[in-house]
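# Notes for the structure review
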Amino acid sequence: MTIAHISDLHFGRIADSGVVEALLDEINAAGIDLVAVSGDLTQRARPAEYRAARNLLDALGPPTLVVAGNHDVYPWWRPLKRLRTPLERYKQFITEDLAPTFEAGGVAALGLTSAYGPSIKGGRIGPADRAAVRAFFSGTGDDRFKVLVVHHQLHPTAIGPISPHPVARQAQQTLAVAGEVGIDLILCGHLHISAIQPLEIIPGTPRIVVASAGTATSNRWREPTGPINFYNVVSVEPEAFSVEERRYVPDEGRFVRDGVTRFDHAG
């Protein structure tokens, strides 16, 4: 089972004329079983940006699991829309399902929407979201590889070079529930830095791996990585799983392997 994890596309701020096509071509040719998109499909939630994001999703061959990011809500200069119907355009162009699921090939995945209107860039995961985590993963078998997809970070040291960094509101409670239901992997974005970090959330229990993807296609780069676009490929095997970081090379118009981190299955 192979998952492509892309994040922070930011249509409206695309970095290179060839990066979107290179991403599509590679994913569609790689035998990917699921594409997880962890938010910020747009820069300012404009209709043209959403149409470009929709075109990318429609051009992907594998099934997709998509969640919204803080840039996907109405911008700050539309305050009433941002507060009352923050994800109206996201629902119109992308999906009305704010807690999408996927089950196949021994993998169970759930997406949570951490973006909300009152915050400029922060995230929030509330009691209803945690109830959805419990309900979905408790209904899957113990032998399933369990994946949570969310835009915002949930642990302040998941990205070492910039730690401590911001996390979603109620992140600690959410991580506790993730540990309780046996989540193996959290896929997230938001901070535009590629990082893979195993975390022991509850002492004495199996660790959870947090894989944060860089910005796949935009020029909204962050230090210390600088002007580089990344996405991740997760390969799930019977005894282990790996997260491969893939880096875009503009001069060659393609993505290349930047590194692979391998983990034995927990427990």
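First things first, this report covers the structure right here in the doc. (Residues numbered from 1 in each chain as written. Predicted model: local features only at pLDDT ≥ 70, side-chain atom pairs only at ≥ 80, totals over all residues. Heavy atoms only, no water.)

### Looking at the overall build of the protein
Along the protein, the regular secondary structure elements total six helices and twelve strands. Over its C-alpha atoms the protein spans a radius of gyration of 17 Å, differing by no more than 12% from the 18 Å that the globule rule assigns to 267 residues. Overall size of the protein, expressed as C-alpha extent along the three principal axes, is 45 × 45 × 35 Å. The 267 residues of the protein split such that 54% are buried. With an accessible surface of roughly 11200 Å², the protein has 49% of that area assigned to carbon and sulfur atoms. Of note, the protein has its 26 positive side-chain charges centred 11 Å away from the centre of its 29 negative side-chain charges. (Helix = DSSP H or I, 4+ residues; strand = E, 2+ residues; numbered from the N terminus. Rg over C-alpha atoms; globule rule 2.2 N^0.38 Å. Buried < 20%, exposed > 50% of the residue type's maximum accessible area, 1.4 Å probe, protein only. Areas by Shrake-Rupley, 256 points an atom, 1.4 Å probe, with all protein chains shown as cover. Lys, Arg positive; Asp, Glu negative; His and termini not counted. Charge placed at Lys NZ, Arg CZ, Asp CG, Glu CD.)

### A short note on the packing of aromatic side chains
Scanning the model with the defined rule gives six aromatic pairs in all. Relative to Phe263, the ring of Phe241 lies with its centre 5.3 Å away and its plane at 25°, an arrangement referred to as stacked. With Phe241 in strand E11 (residues 240-249) and Phe263 in strand E12 (residues 254-264), the pair connects residues that are 22 residues apart, well separated along the chain. A relative accessible area of 1% means that Phe241 is categorised as buried. For Phe263, a relative accessible area of 9% corresponds to the buried category. Through successive ring pairs, a cluster of aromatic residues spans Phe145, Phe241 and Phe263. Looking at Arg124, its charged tip hangs above the ring of Tyr116, at a distance of 4.0 Å from the centre. (Phe/Tyr/Trp six-rings, centres within 6.5 Å; stacked < 30°, edge-to-face > 60°. Lys NZ or Arg CZ within 6 Å of the ring centre and 35° of its normal.)

### Considering the packing of helix H5 (residues 127-138) against helix H6 (residues 171-181)
For the pair H5 and H6, interaxial distance at closest approach is 10 Å and the crossing angle is 10°. Looking at the two axes, H5 sits roughly parallel to H6. In this structure, H5 uses Arg130, Val133, Arg134, Phe137 and Ser138 to contact H6, whose residues at the interface are Gln173, Thr174, Val177, Glu180 and Val181. Per-class residue counts for the contact of H5 with H6 are four nonpolar, three polar and three charged. (Axes fitted to C-alpha atoms, helices over the stretch in contact; angles between N-to-C directions. Parallel < 35°, antiparallel > 145°, perpendicular 65-115°, else oblique. Contact = heavy atoms within 4.5 Å. Nonpolar A, V, L, I, M, F, W, Y, C, P; charged D, E, K, R; others polar.)

### As for the sheet that holds strand E9 (residues 208-212)
Strand-to-strand pairing in sheets goes through backbone hydrogen bonds, with the strands running parallel or antiparallel. Overall, mixed pairing links the six strands, which are arranged E4-E5-E6-E7-E9-E8 in an open sheet. The strands lining the two open edges of the sheet, one partner per strand, are strand E4 (101-104) and strand E8 (195-199). Put simply, the sheet's adjacent strands are angled 15° from each other on average, direction ignored. As paired elements, E8 and E9 share five bridges and run antiparallel to each other. (Pairing = 2+ DSSP bridges.)

### Topic: the nonpolar core
Counting 33 residues, the largest nonpolar core has Ile6, Leu9, Ile27, Leu41, Leu56, Ile94 and Tyr231 as its most contacted members. Mapped by element, the contributors of at least two residues to this core are strand E1 (2-6), helix H1 (19-29), strand E2 (34-38), helix H2 (47-59), helix H4 (88-93) and strand E10 (230-236). Those residues in contact with Leu56 that lie beyond four places of it in its chain are Ile6, Leu9, Phe11, Val20 and Leu24. Counting 23 residues, the second largest nonpolar core, distinct from the first, contains Leu154, Ala158, Ala168 and Val210. (Core = buried A, V, L, I, M, F, W, Y, C linked by side-chain atoms within 4.5 Å.)

### Considering the sheet that holds E11
Spatial strand order, E3-E2-E1-E10-E11-E12: six strands in an open sheet with mixed pairing. The sheet terminates laterally at strand E3 (64-67) and E12, the two strands that pair on one side only. For this sheet the average axis-to-axis angle between neighbouring strands, irrespective of direction, equals 20°. Here H1 sits on the sheet and contacts E1, E2, E10, E11 and E12; the angle it forms with E12, its principal contact strand, is near 50°.

### Topic: H6
Among all positions of H6, only Ala171, Thr174, Leu175, Val177, Ala178 and Val181 are buried. Seen end-on, H6 carries its buried residues on one side only, within an arc spanning 160°. More than 90 degrees from the buried face of H6, the exposed residues found are Gln172 and Glu180. Residues of H6 that are buried in the fold lie against H5, strand E6 (145-149), strand E7 (185-188) and E9. Once H6 ends, the next one or two residues include Gly182, with phi positive near 80°. (Arc of directions from axis to C-beta.)

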